[in-house]
Amino acid sequence: MGKLTVRALRAVLAVVLAGTVFVQAMMVWALATDPEDGSLPLTPLRVITILGMVSVQVAVVCVWRLVTMVRRGTVFSHAAFRYVDGVIGAIVAAAVLWFAVTIINAPGQRDDPGVTVIMGGIGVAVLGVALIVLVLRMLLAQAVARDVEAARMQAELDEVI
């Protein structure tokens, strides 16, 4: 991974992290100062937004750590699995939170249930992303196993020579 790529990715991750902290601060401020007007259940939506930002932050930190491991050449190790698992967990949490928003929004969509169906479809798509990352985790597991096997074989070859 090139230095420019790493810097660009870290810049994007830093902006995303700062943005999520800002959104969380605004939601906490809104919870404390802005009363509900009765049209929507705002308090649950605000809490879900805060939790959703936490899931994004977890994913950002895990990706940052994985990029650091790539830069150091240590990504093909067992230590990388905890960060990949963190990303998968964050994506699943985001999907669950999205389904909660869909459920909260559904009663207001009785005249046009298509919105609820579309929102449900988005939740399924987010779960699909988690499954893709899970497949990538399995590929990482294979790469780590091959790396360990190659190191073992190299050690045996060094003994022979």
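Throughout this description, residue numbers start from 1 for each chain and increase along the sequence as written. Whole-chain, interface and lining totals are the exception, using all residues; otherwise, since this is a predicted model, local features are given only for residues with pLDDT of at least 70 and side-chain atom pairs are given and counted only at 80 or more. Each side-chain value is worked out from all heavy atoms of the structure, with water and hydrogens disregarded.

Take the overall build of the chain next. In DSSP terms, a helix is any run of H or I states spanning at least four residues, a strand is any run of E spanning at least two, and both are numbered starting from the N terminus. The helix and strand inventory of the chain stands at four helices and zero strands. Beginning at the N terminus, the succession of helices and strands in the chain can be written as α-α-α-α. Throughout, the radius of gyration refers to the C-alpha atoms, and the reference size of a globule is 2.2 Å times the residue count to the power 0.38. A globule of 161 residues ought to have a C-alpha radius of gyration of about 15 Å, yet the chain, at 21 Å, is considerably larger. Counting only C-alpha atoms, the chain reaches 80 × 30 × 25 Å along its principal axes. Buried means the residue's accessible area, taken with a 1.4 Å probe over protein chains only, is under 20% of the maximum for its type, while exposed means over 50%, and partly exposed covers the values in between. Looking at the chain as a whole, 26% of its 161 residues are labelled buried. Of all intrachain contacts in the chain linking residues separated by at least 6 positions in sequence, the fraction that spans at least 24 positions is 70%. All accessible areas in this document rest on Shrake-Rupley with a 1.4 Å probe, and a residue is counted as covered only by the protein chains that are shown. For the chain, the exposed surface amounts to about 10,200 Å²; the carbon and sulfur share of it is 72%. Side chains of the chain carry 12 positive and 11 negative charges; the gap between the two charge centres is 10 Å. Contacts between residues were defined by any pair of non-hydrogen atoms, one from each residue, lying within 4.5 Å. The convention is simple: Lys and Arg are positive, Asp and Glu are negative, and His and the chain ends are not counted. Note that the charge is assigned to NZ on lysines, CZ on arginines, CG on aspartates and CD on glutamates.

Take the side chain of Q24 next. By the element assignment, Q24 lies in helix 1 (residues 3-33). Here Q24 falls in the buried class, since its relative accessible area comes to 15%. In this structure, Q24 is in contact with I50, M53, V54 and Q57, ignoring residues within four places of it in sequence.

This part takes up helix 4 (residues 114-160). A helix is expected to span 1.5 Å for every residue after the first. A rise of 1.5 Å per residue sets the reference length of helix 4, with its 47 residues, at 69 Å; its end C-alpha atoms lie 69 Å apart and thus fit the reference within 8%. Residues M119, G120, G123, A130, V133, L140 and V144 constitute the buried set of helix 4. On its buried face, helix 4 sits against helix 3 (79-105).

To continue, consider the nonpolar core. In this text, buried Ala, Val, Leu, Ile, Met, Phe, Trp, Tyr and Cys residues form a nonpolar core when linked through side-chain atoms within 4.5 Å. Ranked by internal contacts, the top residues of the largest apolar core, which has 15 residues, are L66, M69, A80, V84, V133 and L140. Residue assignment for this core shows that the elements contributing at least two residues are helix 2 (42-72), helix 3 and helix 4. Ranked by residues supplied to this core, first place goes to helix 3 with seven residues. When near neighbours in sequence (up to four residues on either side) are disregarded, V84 contacts L66, V133, R137 and L140.

With respect to the helices and strands, P41 occurs in the loop between helix 1 and helix 2. Every residue in contact with P41, bar those within four places of it in the chain, is listed here: E36 and I104.

Taken together, the side chains of I132, V135, L136 and L139 make up a nonpolar region of the molecular surface, amounting to roughly 380 Å² of accessible area. Within the secondary structure, V135 is located in helix 4. Surface patches are defined over residues having more than 30% relative accessible area and no salt bridge, joining like charges when they lie within 9 Å and nonpolar side chains (Val, Leu, Ile, Met, Phe, Trp, Tyr) when within 5 Å. Every case where a carboxyl oxygen of Asp or Glu lies within 4 Å of a side-chain nitrogen of Lys or Arg is listed as a salt bridge.

Enumeration over the complete set of coordinates arrives at three salt bridges. With its nearest N and O atoms 2.5 Å apart, the salt bridge here joins D85 to R137. Of this pair, D85 sits in helix 3 while R137 sits in helix 4, and the two are 52 residues apart along the sequence. According to the relative accessible area criterion, D85 is partly exposed, its value standing at 35%. You can call R137 partly exposed: its relative accessible area is 24%. We note a salt bridge from R152 to E156, for which the minimum N-O separation is 2.3 Å. With a gap of four residues between them, R152 and E156 both fall in helix 4, about one helical turn apart.

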